[in-house]
Amino acid sequence: MAEFVWRAADGRGQVSQGRIEAPSLSGAMKALRERGLTPLKIEDAASASAIALVSSATTGRTTAKPRQAKGPVNQADVLAMTSELSIMLKAGLPLDNALRVLIDMSQKPSVSAMQQVLLDDVKSGMTFSKALAKDQALFGDFYINMIRSGEASGQMSAVLVRLVEHMERLRALRESAVSATMYPAILLGVAVLSVIAMLGFVVPQFEKLFTDMGDALPLPTQIVMMAGHGFKDYGLIIGIVVAALIWLGMRWLKSPKGKMWWQKTALGMPVLGNLLQKYELTLFSRSLGTLLGNGVPMLTALHIATETVGNGVLRQSLLQVAPYVKEGGKIVEGMRKTQIFEPMAINLIRVGEETGRIGPMMLELANILNREVEIGIKRGLTLLEPALILVLGLVVASIIVSILLGILSVNDLAV
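Quick notes on the rules
Residue numbers restart at each chain and count upward from 1, following the sequence in its written direction. The model is predicted, so local features are restricted to residues of pLDDT at least 70 and side-chain atom pairs to those at 80 or more, both for listing and for counting; the totals for chains, interfaces and linings are taken over all residues. Excluded from the side-chain calculations are hydrogens and water; all other atoms, namely the structure's heavy atoms, are used. Under the DSSP-based scheme used, a helix requires at least four consecutive residues in state H or I and a strand at least two consecutive residues in state E, with every element numbered from the N terminus. Contacts: residue pairs with any heavy atoms within 4.5 Å of one another. Residue burial considers only the protein chains on display, and all accessible areas are found by Shrake-Rupley using a 1.4 Å probe. Salt bridges are defined as contacts in which a side-chain nitrogen from Lys or Arg sits within 4 Å of a carboxyl oxygen from Asp or Glu. Remark: exposure states derive from per-residue accessible area (1.4 Å probe, protein chains only) relative to the maximum for the residue type, with buried under 20%, exposed over 50%, and partly exposed in between. Axes here mean lines fitted to C-alpha atoms, for a helix over just the part in contact, with angles spanning 0 to 180 degrees between N-to-C directions. Each angle gets one of four labels, with under 35 degrees taken as roughly parallel, over 145 as roughly antiparallel, 65 to 115 as roughly perpendicular, and the rest as oblique. Whether a crossing is left-handed or right-handed is set by the direction in which the near helix is turned from the far one by less than a right angle, anticlockwise for left-handed and clockwise for right-handed. Just so you know the grouping, Ala, Val, Leu, Ile, Met, Phe, Trp, Tyr, Cys and Pro go in nonpolar, Asp, Glu, Lys and Arg go in charged, and all remaining residues, Gly too, go in polar. For this analysis, a ring pair means two rings from Phe, Tyr or Trp (six-membered ring only for Trp) whose centres lie within 6.5 Å, classed as stacked if their planes differ by under 30 degrees, edge-to-face if by over 60, and tilted for the remaining angles. Nonpolar side chains (Val, Leu, Ile, Met, Phe, Trp, Tyr) within 5 Å and like charges within 9 Å form the patches, drawn only from residues with over 30% relative accessible area and no salt bridge. Residues belong to a common nonpolar core when they are buried Ala, Val, Leu, Ile, Met, Phe, Trp, Tyr or Cys residues joined through side-chain atoms within 4.5 Å. Values of pLDDT, ranging from 0 to 100, describe the predictor's confidence in every residue of the model. By this rule the span expected of a helix is its residue count minus one, scaled by 1.5 Å. Note that bend, as reported per residue, equals the angle between axes fitted to the 7 residues terminating at that residue and the 7 residues originating from it.

**Regarding the overall build of the chain**
Looking only at helices and strands, the chain features 18 helices and three strands. Counting contacts in the chain only where the partners sit at least 6 residues apart, residues at least 24 apart contribute 59% of the total. As presented, the chain carries roughly 23900 Å² of accessible surface, and 62% of it is formed by carbon and sulfur atoms.

Below is the structure:
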């Protein structure tokens, strides 16, 4: 029999903790449920004691209060709250009691304050979806409508589980896209720093050697020496000008006109454009399929799913679908008119509409597009990384060769 440390909530939302002996972790969970408790955390007593000893040794105290997180409520906090709430509601805990438990468990003041407002609204008789709608900027239409569908169907815990799955898939997709750009960005940074180091510190060391040669120096060497001399004398000014241009460019790209220009330009790029389009359509398809699967009306689901698309050009095309469907047209024809869906996607949507399973088909389309995006990112990185390394090598090698040509010219003159 192993000993476990547990923390659980009862039917009134009161949180308690203690120790229990059981043959396994699942046995401990079963024993707690038989007592009418909803397990919140269960871990092996030995590992829990080890953590406590390490905390005591490092802080000099016998007990250590968990460190509170700072900052405003973010999407990661919403995901964590949704996941914990789904577990407690599935275990049979009432919504208000589940919110009390979340408040007691929270280590972030901003999250606790947000949850307290939700609890007060729910206790006053307001529905959970209306309470969430008061903070629409944080939760968004998709989240709120999913909760509203759960309230209407009486399957709140099941809807929360689907919400968690949806949010985790989108987070994984975004993180894979961000992670894919990190290594090329590092390579590009190394390339820029290498060129700065060569021009700012290495090239000036040979300036005295080549001073008396003048026009006798080979042209590549003259170019490199002029670049190094200019960088040495005006490097600070160049850096300020470049930084100012980057700042102005980023500010313009954040403006409506600049954002639309960049989004349109990005879609027209050979490889990147196709990946960006599939990425945005993945968000649209998954959102639409999830909403329809939870009973949200088609027009409402189309509007909300379209708003999840970040690219303005694609969003303008998708906005045409809802009015077409409202006038009595078929969904598949409305999406065909946008001219942004591939034939495979159109066929899946047609099959879904004909069989009355448009929601599951949109989720299947999202899975297919997601795989294509991941494969495309891997292939793009396979080509981009060697290309960046090759360019970096050529730039550094050209500087070194130019210096060597100058040294050889000095030796020829000496002979």
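**A word on the pattern of salt bridges**
Per the stated rule, a full pass over the model turns up six salt bridges. Note that R100 and D96 form a salt bridge whose closest N and O atoms lie 3.8 Å from each other. In this pair, R100 and D96 both sit in helix 4 (residues 95-105), four residues apart, roughly one turn of the helix. Residue classification places D96 among the partly exposed positions, given a relative accessible area of 24%. In this structure, K278 and E372 form a salt bridge, with 2.9 Å as the shortest nitrogen-oxygen distance.

**Some details on the packing of helix 3 (residues 75-90) against helix 8 (residues 156-202)**
Helix 8 packs onto helix 3 with a crossing angle of 150° between their chain directions and a minimal axis gap of 9 Å. Taken together, the axes of helix 3 and helix 8 lie roughly antiparallel to each other. Here helix 3 runs over helix 8; the crossing is left-handed. For the pair formed by helix 3 and helix 8, the contact residues are Q75, V78, L79, T82, S83, L85, S86, L89 and K90 on the first element and M156, S157, L160, V161, L163, V164, M167, E168 and R171 on the second. When grouped by side-chain class, the residues that make up the contact of helix 3 with helix 8 number ten nonpolar, five polar and three charged.

**Describing the packing of helix 8 against helix 12 (residues 272-293)**
Interaxial distance between helix 8 and helix 12 falls to 11 Å at its minimum, and their mutual angle equals 180°. By the angle class used here, helix 8 and helix 12 are roughly antiparallel. On the side of helix 8, the interface is formed by R162, H166, R169, L170, L173 and R174, while helix 12 contributes Y279, T282, L283, R286, S287, T290 and G293. Classifying every residue of the contact of helix 8 with helix 12 by side-chain character gives four nonpolar, five polar and four charged.

**Digging into the packing of aromatic side chains**
In this structure the tally under the stated criterion is three aromatic pairs. Aromatic pair F139 and Y143: ring centres 5.2 Å apart, planes at 45°, arrangement tilted. Here F139 and its partner Y143 are both found in helix 7 (residues 136-153), four residues apart, which amounts to about one turn of the helix. The same class applies to F139 as to Y143, namely buried.

**Section: a nonpolar patch on the surface**
A cluster of nonpolar side chains, Y234, I237, I238, V241, V242, L245, I246, W247, L248 and M250, forms an exposed patch at the surface whose accessible area comes to about 1000 Å². According to the relative accessible area criterion, W247 is exposed, its value standing at 51%.

**Focus on the nonpolar core**
Ranked by size, the top nonpolar core spans 68 residues in total, and within it F139, F284, M335 and F341 carry the most contacts. Beyond its immediate chain neighbours, meaning those up to four positions away, F139 contacts V78, M81, M114, L118, L132 and I144.

**Let's talk about the confidence of the model for the chain**
Here the chain averages 80 in pLDDT, while 89% of its residues score no lower than 70. Mean pLDDT across the elements of the chain bottoms out in helix 2 (residues 45-59) (44) and peaks in helix 17 (residues 343-355) (91). Low pLDDT, under 50, characterises residues 49-66; the predicted model gives this stretch six contacts beyond four residues in sequence or across chains.

**Looking at unusual backbone geometry**
Here Q339, not a glycine, exhibits a phi torsion of approximately 60°, which is positive. Here Q339 shows up in the loop between helix 16 (331-338) and helix 17.

**Focus: the side chain of S129**
Relative to the helices and strands, S129 resides in helix 6 (residues 128-133). Among all residues touching S129, those that are not within four sequence positions of it are I144, I147, R148 and E151.

**Re helix 7**
Its 18 residues give helix 7 an end-to-end C-alpha distance of only 22 Å, which falls more than 12% under 26 Å, the value for a rise of 1.5 Å per residue. Of all the bends in helix 7, the greatest measures close to 60° and is centred on F142. Among all positions in helix 7, only L138, F139, F142, Y143, I144, N145, M146, I147, S149 and G150 are buried. Buried residues along helix 7 sit in contact with helix 3, helix 5 (109-123), helix 6, helix 8, helix 12 and helix 13 (298-307).

**Some remarks on the environment of A305**
Within the element layout of this structure, A305 appears in helix 13. On a C-alpha basis, the gap between A305 and L318 in space is 9.3 Å, while along the polypeptide they are 13 residues apart. Discounting chain neighbours no more than four positions away, the residues touching A305 are F284, S287, L288 and L291.

**Concerning the environment of L217**
Residue position: L217 is located in the loop between helix 9 (207-210) and helix 10 (219-254). What makes L217 buried here is its relative accessible area of 8%. The spatial distance from the C-alpha of L217 to the C-alpha of I403 is 10.0 Å, given a sequence separation of 186 residues. Contact partners of L217, with chain neighbours within four places excluded, come to F210, Q222 and G406.

**A short note on the side chain of T306**
Residue placement: T306 occurs in helix 13. Apart from the residues within four sequence positions on either side, T306 is in contact with F284, R315, L318 and L319.

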